[in-house]
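Now for the letters of each chain:
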Amino acid sequence: MKKITLSTLAAVAALTAPGAAFAQDAGQAEVTVGANAGYHDLGIGDDLEDIAGPDASDGGAIFGGFIAVDFPVSSNFFVGVEGNANIGTDAIDADYGASGRLGYRAENGTKVYLRGGYQWVDVDAAALAGVDGDLFDEDDLGIDTTVGDYLVGAGVEVPVGQVSIRGNVDTISFETLRLTAGVGFRF
């Protein structure tokens with residue numbers, strides 16, 4: 001997981017560099033660092049229930065953080081990059097990823113954006129199977145429980161002073177549903 005986290009941070013840095021050069025002409029970049037919480041539904045509930053029974057769970061709450069860097073390209077439009085990392089409950093051990101953002105900024109500072117990128121999800125195989133985690137250890141069995149695919153989504157950020165309140169709706173490969181809300185500090 002450390003390799004993937006470092007790779008994600010490197011990808012965010014690589015995506016940020018070209019935008020930073022462009023932003024020197026268009027205006028100053030805005031950095032937002034924050035915390036979020038939400039729910040990630042893996043979308044396999046019916047299939048999972050057929051295999052593992054009604055006690056199996058295919059989603060879970062997630063808690064984590066994000067960093068976003070947005071570069072104005074005109075008075076109202078911006079492009080940006082974002083990285084996120086979360087820990088989870090139930091069927092989700094963790095998820096993390098990076099995405100690009102394209103959006104509109106209203107006069108009051110509210111941002112509405114679309115985003116696309118790549119997200120990895122480390123699932124809890126014991127929770128998916130509906131068995132006790134003490135009886136089923138992925139590490140002991142040598143099972144890789146991390147899967148990844150493209151992420152698409154939309155979000156909104158509403159400024160309240162130096163703080164932004166935000167909400168996002170995302171999907172991974174149009175198979176999952178991921179809802180998050182958070183608070184960010186703008187620099």
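Worth saying up front: this structure is predicted, and the values here are computed from it rather than measured.

Trainee: It is not clear to me how the environment of Ser173 should be interpreted in this structure. Could you clarify?
Mentor: Tracing the chain through its elements places Ser173 in the loop between strand E7 (163-172) and strand E8 (177-186). Since its relative accessible area comes to 12%, Ser173 is described here as buried. Expressed as a C-alpha distance, the spacing of Ser173 and Tyr150, which sit 23 residues apart in the sequence, is 5.5 Å. Leave out the neighbours within four places in its chain, and Ser173 touches Asp149 and Tyr150.

Trainee: Just to check I follow, could you spell out the packing of aromatic side chains for this structure?
Mentor: One pair of aromatic rings is described through two measures. These are the centre distance and the angle between the planes. Here the structure, examined in full by the defined rule, presents four aromatic pairs. Through pairs of rings, three or more aromatic residues link up here, namely Tyr96, Tyr118 and Trp120. Positioned over the ring face of Tyr113 is Arg101, at 4.1 Å from the centre of the ring. Of note, Arg166 hangs over the ring of Phe66, and the distance from its end group to the ring centre comes to 3.7 Å.

Trainee: How do you make sense of a nonpolar patch on the surface when you look at a structure like this?
Mentor: On the surface, Val33, Ile67, Val112, Val156, Val158, Val160, Ile165, Val183, Phe185 and Phe187 cluster together to form a nonpolar patch covering roughly 840 Å² of accessible area. Breaking the nonpolar patch down by element, the ones donating at least two residues are strand E6 (146-160) and E8. When residues of the nonpolar patch are assigned to their parent elements, the largest contribution, three residues, is made by E6. Structurally, Val112 can be placed in strand E5 (residues 111-123).

Trainee: Could you clarify how one ought to interpret the side chain of Arg178 in this entry?
Mentor: Structurally, the position occupied by Arg178 is in strand E8. For Arg178, a relative accessible area of 2% corresponds to the buried category. When near neighbours in sequence (up to four residues on either side) are disregarded, Arg178 contacts Tyr39, His40, Ile62, Asn84, Asn86, Asp95, Arg115, Gln119, Leu151, Asn168, Val169 and Asp170.

The rules we used
Residues numbered from 1 in each chain as written. Predicted model: local features only at pLDDT ≥ 70, side-chain atom pairs only at ≥ 80, totals over all residues. Heavy atoms only, no water. Helix = DSSP H or I, 4+ residues; strand = E, 2+ residues; numbered from the N terminus. Buried < 20%, exposed > 50% of the residue type's maximum accessible area, 1.4 Å probe, protein only. Contact = heavy atoms within 4.5 Å. Phe/Tyr/Trp six-rings, centres within 6.5 Å; stacked < 30°, edge-to-face > 60°. Lys NZ or Arg CZ within 6 Å of the ring centre and 35° of its normal. Patch = residues over 30% accessible without salt bridge, like charges linked within 9 Å, V, L, I, M, F, W, Y side chains within 5 Å. Areas by Shrake-Rupley, 256 points an atom, 1.4 Å probe, with all protein chains shown as cover. Salt bridge = Lys/Arg side-chain N within 4 Å of Asp/Glu carboxyl O.

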